[in-house]
Amino acid sequence: MPEPTERTSQLTALESVAWLCVRDGSLLAVRTHGKDRFYLPGGKLEPGESGPWALARELGEELGVRADARELTEAFVIEDEAHGQGGRPLRMTCYTGPATGALQPDREIAELDWFRDRPADTERCAPALRQVLARLTADGVLAR
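Residues numbered from 1 in each chain as written. Predicted model: local features only at pLDDT ≥ 70, side-chain atom pairs only at ≥ 80, totals over all residues. Heavy atoms only, no water.

A. Just the overall build of the chain, in detail. Counting its regular elements, the chain contains four helices and seven strands. Mapped in sequence order, the helices and strands of the chain form the string α-β-β-β-β-α-β-β-β-α-α. The C-alpha atoms of the chain give a radius of gyration of 15 Å, which matches the 15 Å a tight globule of 144 residues would have. In terms of overall dimensions, the chain has C-alpha extents of about 45 × 40 × 30 Å along its principal axes. (Helix = DSSP H or I, 4+ residues; strand = E, 2+ residues; numbered from the N terminus. Rg over C-alpha atoms; globule rule 2.2 N^0.38 Å.)

B. Inspection of the side chain of Thr32 at higher detail. Here Thr32 shows up in strand 3 (residues 26–32). Classification of Thr32 by relative accessible area gives buried; the value is 17%. (Buried < 20%, exposed > 50% of the residue type's maximum accessible area, 1.4 Å probe, protein only.)

C. How the structure looks around the environment of Asp80. Position of Asp80 relative to the elements: it lies in strand 5 (residues 73–81). In sequence terms Asp80 and Leu28 are 52 residues apart; their C-alpha atoms lie 19 Å from each other. A polar side-chain atom of Asp80 sits 2.8 Å from a polar atom in the side chain of Gln131. (Polar contact = N/O pair within 3.5 Å; in protein donor to acceptor, adjacent residues only side chain to side chain.)

D. Representation of the packing of aromatic side chains. Per the stated rule, a full pass over the model turns up one aromatic pair. Between the aromatic rings of Phe38 and Phe115, the centroid separation amounts to 4.9 Å while the plane-to-plane angle is 55°, which identifies the pairing as tilted. Taken together, the positions of Phe38 in the loop between strand 3 and strand 4 (42–44) and Phe115 in strand 7 (residues 109–115) put the pair 77 residues apart, joining distant regions of the chain. Owing to a relative accessible area of 3%, Phe38 belongs among the buried residues under this scheme. (Phe/Tyr/Trp six-rings, centres within 6.5 Å; stacked < 30°, edge-to-face > 60°.)

E. Main features of unusual backbone geometry. One non-glycine residue with positive phi stands out, namely Asp24, at about 50°. Judged by relative accessible area, Asp24 falls into the exposed class, the value being 75%. Its identity as a non-glycine residue notwithstanding, Arg107 has a phi of 50°, on the positive side. Its location among the elements puts Arg107 in the loop between strand 6 (89–96) and strand 7.

F. A look at helix 2 (residues 51–63). In this model, helix 2 (13 residues) spans 17 Å end to end at C-alpha, consistent with the 18 Å of a helix rising 1.5 Å per residue. Most of helix 2 is tucked away, with 10 of its 13 residues classed as buried. Considered for burial, the residues of helix 2 that qualify are Gly51, Pro52, Ala54, Leu55, Ala56, Arg57, Glu58, Leu59, Glu62 and Leu63. Looking at the packing, one finds that the buried side of helix 2 touches strand 1 (14–19), strand 3, strand 4, strand 6 and strand 7. (Expected span 1.5 Å × (residues − 1). Contact = heavy atoms within 4.5 Å.)

G. Structural detail: the nonpolar core. Ranked by size, the top nonpolar core spans 21 residues in total, and within it Leu20, Leu27, Leu40, Met92, Cys94, Leu129 and Val132 carry the most contacts. Of all the secondary-structure elements, those providing two or more residues to this core are strand 1, strand 3, strand 5, strand 6 and helix 4 (127–138). Non-local contacts of Val132, meaning those with residues more than four positions away in its chain, are made with Leu20, Leu27, Leu40, Phe76, Ile78, Met92 and Cys94. One finds Ala54, Leu55, Leu63 and Leu72 within the second-largest nonpolar core, a separate group that totals 17 residues. (Core = buried A, V, L, I, M, F, W, Y, C linked by side-chain atoms within 4.5 Å.)

Take it as geometry only, folks, not as evidence of what the structure does.
Here is the structure:
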């Protein structure tokens, strides 16, 4: 994570949840309408939601797939700067777990793509996604 400045240390962290969907050695990522970078599928928690329930809701809204919150397992937490948020810190809890249905961009999602930790992919990613790609590659989850 970048060294905090006085301004960023005063900002409340953006809490989010994200889905780690790996197929054939690549990680699923999405780009929302009007954004120039790819992110992991997921989003923010609504009042009263747990991480898994928020993620299950977001996957249905964003990608048209159904996930059972009880089958989503926390993998790790990434902290970085939230892309396009004026230096606001991000705390993203990443989950793994199954989902059923065909992946399709829906609502605010403009496109989806599959990424690996290579320059052609990482230059299109938000900072937190770059961290995830590097970690999953180092752990042998993603193909090099």
